Amino acid sequence: MKIFATWLSGQERVEVVSVIEVNGYGKFPAPRYRVRRMDGSTLTVDRRDIILDEEQALIDELSRILSQSDQP
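Conventions we followed
Residues numbered from 1 in each chain as written. Predicted model: local features only at pLDDT ≥ 70, side-chain atom pairs only at ≥ 80, totals over all residues. Heavy atoms only, no water. Pairing = 2+ DSSP bridges. Helix = DSSP H or I, 4+ residues; strand = E, 2+ residues; numbered from the N terminus. Axes fitted to C-alpha atoms, helices over the stretch in contact; angles between N-to-C directions. Contact = heavy atoms within 4.5 Å. Buried < 20%, exposed > 50% of the residue type's maximum accessible area, 1.4 Å probe, protein only. Salt bridge = Lys/Arg side-chain N within 4 Å of Asp/Glu carboxyl O.

Colleague: Is there a simple way to think about the sheet that holds strand E3 (residues 32–37) in this case?
Modeller: Within a sheet, neighbouring strands are paired by backbone hydrogen bonds and run either parallel or antiparallel to one another. Pairing in this open sheet of five strands is antiparallel, and the strands run E4-E3-E2-E1-E5 from one edge to the other. In this open sheet, the two strands that pair with only one neighbour each are strand E4 (42–46) and strand E5 (50–52). Across this sheet, the average inter-strand angle for adjacent strands is 45 degrees, counted without regard to direction. Where E3 and E4 come together, five bridges link them in antiparallel fashion. By the bridge assignment for E4, Arg36 is matched with Thr42. The sheet strands contacting helix H1 (residues 53–68) are strand E1 (3–7), strand E2 (12–20) and E5, and the helix crosses E5 at an angle near 80 degrees.

Colleague: I keep staring at the pairing of E2 and nothing clicks. Help me out?
Modeller: In the case of a regular strand, side chains alternate between the two sheet surfaces. With five bridges connecting them, E1 and E2 associate as antiparallel partners. Of the residues in E2, the one forming a bridge with Ala5 is Val14. Between E1 and E2, which pair antiparallel one after the other, the connecting turn spans four residues, and Gln11 there sits at a positive phi close to 50 degrees. In this sheet, E3 lies alongside E2 in antiparallel orientation, the contact comprising six bridges. Paired with Ile20 across the strands is Arg32, a residue of E3.

Colleague: I keep staring at the side chain of Glu15 and nothing clicks. Help me out?
Modeller: Topologically, Glu15 is positioned in strand E2. Since its relative accessible area comes to 15%, Glu15 is described here as buried. Sequence-distant contacts of Glu15, that is, excluding residues within four places in its chain, are made with Lys2, Ile3, Phe4, Arg34, Val35 and Arg36.

Colleague: Please clarify how the pattern of salt bridges should be interpreted in this entry.
Modeller: Where side chains of opposite charge bring their charged atoms close, a pairing between them can arise. Scanning the model with the defined rule gives six salt bridges in all. With a closest N to O distance of 2.8 Å, Arg37 and Glu12 form a salt bridge. In this pair, Arg37 sits in strand E3 while Glu12 sits in strand E2, placing the two residues 25 residues apart along the sequence. Of the charged contacts in the structure, one is a salt bridge between Arg36 and Glu15, with a shortest N-O distance of 3.7 Å. Note that Arg36 is positioned in strand E3 and Glu15 in strand E2, a separation of 21 residues in sequence. Salt bridges sharing common partners tie together Arg32, Asp46 and Arg48.

Here's what the structure looks like:
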């Protein structure tokens, strides 16, 4: 199953090839993704710089629910 995402700073669609665990400082490690660009090249992208399509669908759904809510 292919996983696609949006690379924020690169402003382009990419395919996630693998997840690379990085030993980060602090309580939570900061994973990085190896991604394939549409031209076929690969690069490593930090977790904070990528939104997976699954996450984008959830963000859109939450936004729709909140915009239809009567609560401020």
